[in-house]
Amino acid sequence: MDIVALTEYIVKNLVKEPECVSVKEFDGDDEEVMIQVLVHKNDMPALIGKSGMTANAIRTIVQAAAYANQLPKVKINIDSY
């Protein structure tokens, strides 16, 4: 399973401007993978959610998928441009 594709799928279905979504993977150390999510600044409130609940749910789903496929721990950084 490709966790970057999963993250991109989830994020694009939550925002109003999916064409502005960029999801990239960066290698951390051996036990960690960083995923950088960039969205349009108008989509940040929808992606973060009230008290960060939506962002935490995305992180939980992606981390669970990584764990189920014996992949390293995933950290997701969400930002806008």
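Residues numbered from 1 in each chain as written. Predicted model: local features only at pLDDT ≥ 70, side-chain atom pairs only at ≥ 80, totals over all residues. Heavy atoms only, no water.

Visitor: Teacher, can you tell me more about the overall build of the protein chain here?
Guide: In terms of helices and strands, the protein chain carries three helices and three strands. Walking the protein chain from its N terminus toward its C terminus, one meets helices and strands in the order α-β-β-α-α-β. Taken against the 2.2 N^0.38 rule, which gives 12 Å for 81 residues, the C-alpha radius of gyration of the protein chain at 12 Å falls within 12% of a compact globule. Overall, the C-alpha framework of the protein chain stretches about 35 × 20 × 20 Å when taken along its three principal axes. Residue burial in the protein chain is summarised as follows: out of 81 residues, 36% are buried. Residue pairs in contact within the protein chain that sit at least 24 positions apart in sequence constitute 61% of those at least 6 positions apart. Where the 8 positive side-chain charges of the protein chain centre and where its 12 negative ones centre are 10 Å apart. (Helix = DSSP H or I, 4+ residues; strand = E, 2+ residues; numbered from the N terminus. Rg over C-alpha atoms; globule rule 2.2 N^0.38 Å. Buried < 20%, exposed > 50% of the residue type's maximum accessible area, 1.4 Å probe, protein only. Contact = heavy atoms within 4.5 Å. Lys, Arg positive; Asp, Glu negative; His and termini not counted. Charge placed at Lys NZ, Arg CZ, Asp CG, Glu CD.)

Visitor: Sorry if this is basic, but what is going on with the packing of helix α1 (residues 3–12) against helix α3 (residues 53–68) here?
Guide: For any two helices packed against each other, the geometry comes down to the angle between their axes and how far apart the axes lie. Relative orientation of the contacting elements α1 and α3 amounts to 155 degrees, with a least axis distance of 10 Å. When the axes of α1 and α3 are compared, the pair comes out roughly antiparallel. Between α1 and α3 lies a crossing of right-handed hand. Residues Ile3, Leu6, Thr7, Ile10 and Val11 of α1 pack against Ile58, Ile61, Val62, Ala65 and Ala66 of α3. Considering only residue class, the contact of α1 with α3 consists of nine nonpolar, one polar and no charged. (Axes fitted to C-alpha atoms, helices over the stretch in contact; angles between N-to-C directions. Parallel < 35°, antiparallel > 145°, perpendicular 65-115°, else oblique. Left-handed = near helix turned anticlockwise from the far one by under 90°. Nonpolar A, V, L, I, M, F, W, Y, C, P; charged D, E, K, R; others polar.)

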